[in-house]
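Structural description and commentary
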Amino acid sequence: MSDSRTSADGGMETSYGFREVAGGEKQGLVNDVFHKVAKRYDIMNDVMSVGMHRVWKDAMIAALNPRKEPGYKTLDVAGGTGDIAFRIIEASNRMAHSTVLDINGSMLAVGAERAAKKKLSDNLTFVEANAEELPFEANSFDAYTIAFGIRNVPRIDVALSEAYRVLKRGGRLLVLEFSEVDMPLLDRVYESWSFNAIPKFGKAITGDAEPYQYLVESIRKFPNQENFAAMIRNAGFSRVSYTNYTGGIAALHSGWKL
């Protein structure tokens, strides 16, 4: 594991990229990042994953295999622009209802606008709230999804416990996140791309390299696959597993509330 990565014991709550910040300070800094990139969020993901995030998200929805029946309810956290929720609804033949939760109002505004254009608004609810304190009753959702958002949550253990609380018995957690590359040559290439190219592309696209610098550094601080799987188990989930995508650049983590 990279020396910069945090472990299952924590550390992300005071890590703003490679910079240590005071407890409670990180959330505001992260909010500023996403206010800046909200309207160009998909472009940002294309840059950071060389377009592969679309393939990984499709694989995530295939793994979820949402039921095609009324009453199937999902919660997509840190999903303000609706990217995952839209896929879930379409995969359910527009029968699922997805609640999209994000702490950032700018991201939610983009998602609501896109939902209207896709004529999916009736299948969606947009909620501005914190992943660490979900405003829902226990046992409310059939599935909880979060794609490329968990590393931006300060207290990941709290967010995972909240995910467990709001899922129904038999409900499933799916977390898609950038992770630790397990192929040495690819690791070096991706490291060079991340730290040398991504901030420069970010500045060219948005006029500001700083948000991209944070996002690259946050990937390197996030626990590796085994440590994050341990955090999911510690939150109470069963049958915890993960699947690496593209040599571990990203990983899909799965857990069940049984």
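Before reading on, note that the structure itself is shown above.
Okay, so let's go over this structure. No experiment lies behind these values; they were computed from the predicted model shown.

**Let's talk about unusual backbone geometry**
The backbone of Arg239 sits at a positive phi, close to 50 degrees, despite the residue not being glycine. With a phi close to 50 degrees, Thr246 is a non-glycine residue in the positive phi region. Looking at the element boundaries, Thr246 is found in the loop between strand E8 (238-245) and strand E9 (250-256).

**A few points about the nonpolar core**
Counting residues in each nonpolar core, the largest one holds 37 residues, and the members touching the most others are Phe34, Met48, Trp56, Phe148, Leu176 and Phe178. Tallying contributions element by element places helix H8 (residues 210-221) first for this core, with five residues. Sequence-distant contacts of Leu176, that is, excluding residues within four places in its chain, are made with Trp56, Lys57, Met60, Ile146, Ala147, Phe148, Tyr245, Ala250, Ala251 and Leu252. Counting residues in each nonpolar core, the second largest holds 31 residues, with Val127, Ile150, Ala163 and Ala229 among its members.

**Quick look at the sheet that holds strand E4 (residues 97-102)**
Strand pairing in a sheet relies on backbone hydrogen bonds. The paired strands run either parallel or antiparallel. As summarised here, the arrangement of the seven strands in space is E5-E4-E3-E6-E7-E9-E8, forming an open sheet in which the pairing is mixed. Edge positions in the open sheet fall to strand E5 (124-128) and E8, since each of these has one partner strand only. Across the sheet, the mean angle separating the axes of adjacent strands is 15 degrees when strand polarity is ignored. In this sheet, E4 lies alongside strand E3 (residues 73-77) in parallel orientation, the contact comprising five bridges. By the bridge assignment, Val77 is partnered in E4 with Leu101. Its contacts with the sheet put helix H5 (residues 105-118) on E4 and E5, and the angle it makes with E5 is roughly 170 degrees. Taken strand by strand, helix H9 (residues 225-234) contacts strand E7 (167-178), E8 and E9, and its axis lies near 155 degrees from that of E8.

**A few points about the environment of Met231**
Tracing the backbone through its elements, the reader meets Met231 in helix H9. Taking the relative accessible area as the measure of exposure, Met231 reaches 8% and is therefore buried. Residues Met231 and Met12, spaced 219 residues apart in sequence, show a C-alpha to C-alpha distance of 12 Å.

**Notes on the pattern of salt bridges**
Applying the stated criterion across every chain yields a total of 13 salt bridges. A salt bridge links Glu90 to Arg94, with the nearest nitrogen and oxygen atoms 2.9 Å apart. Here Glu90 falls in the partly exposed class, since its relative accessible area comes to 39%. What makes Arg94 partly exposed here is its relative accessible area of 38%. With a closest N to O distance of 2.9 Å, Glu132 and Arg155 form a salt bridge. In this pair, Glu132 is assigned in the loop between E5 and strand E6 (141-147) and Arg155 in the loop between E6 and helix H6 (156-166), connecting sequence segments 23 residues apart. Salt bridges sharing partners connect three or more residues here, namely Lys57, Asp58, Asp83 and Arg87.

**Looking at empty space enclosed by the protein**
Applying the stated criterion across every chain, the model contains three cavities of 30 Å³ or more. If you add up the space inside the largest cavity, you get close to 240 Å³. In this structure, the largest cavity is lined by 20 residues; those nearest its centre are Ala78, Asp102, Ile103, Gly149 and Asn152. Of all elements in the fold, only helix H1 (26-37) and E4 reach the threshold of two or more residues within the lining of the largest cavity. Here the lining of the largest cavity gets four residues from one element, more than from any other, and that element is H1. For the lining of the largest cavity, a count of residues per class yields 13 nonpolar, six polar and one charged.

**Considering the pairing of E4**
Burial analysis of E4 places five of its six residues in the buried class, which makes it a mostly covered element. Taken together, E3, helix H4 (residues 83-91) and E4 constitute a β-α-β crossover, and its handedness is right-handed. Bridge count for E4 against E5 is five bridges, and the pairing is parallel. Looking at the pairing, Asp102 lines up with Glu128 of E5. Between the parallel elements E4 and E5, the chain passes through H5 in a crossover that is right-handed.

Criteria and cut-off values
- Residues numbered from 1 in each chain as written.
- Predicted model: local features only at pLDDT ≥ 70, side-chain atom pairs only at ≥ 80, totals over all residues.
- Heavy atoms only, no water.
- Helix = DSSP H or I, 4+ residues; strand = E, 2+ residues; numbered from the N terminus.
- Core = buried A, V, L, I, M, F, W, Y, C linked by side-chain atoms within 4.5 Å.
- Buried < 20%, exposed > 50% of the residue type's maximum accessible area, 1.4 Å probe, protein only.
- Contact = heavy atoms within 4.5 Å.
- Pairing = 2+ DSSP bridges.
- Axes fitted to C-alpha atoms, helices over the stretch in contact; angles between N-to-C directions.
- Salt bridge = Lys/Arg side-chain N within 4 Å of Asp/Glu carboxyl O.
- 1 Å grid on protein atoms, 1.4 Å probe; cavity = no way out; pocket = protein on both sides within 12 Å on 5 of 7 lines; lining within 4 Å.
- Points joined across faces, edges and corners; volume = space filled by probe spheres on them.
- Nonpolar A, V, L, I, M, F, W, Y, C, P; charged D, E, K, R; others polar.
- Right-handed = clockwise from strand over helix to strand, strands pointing away.

Function-wise, these values are silent; they only describe arrangement.
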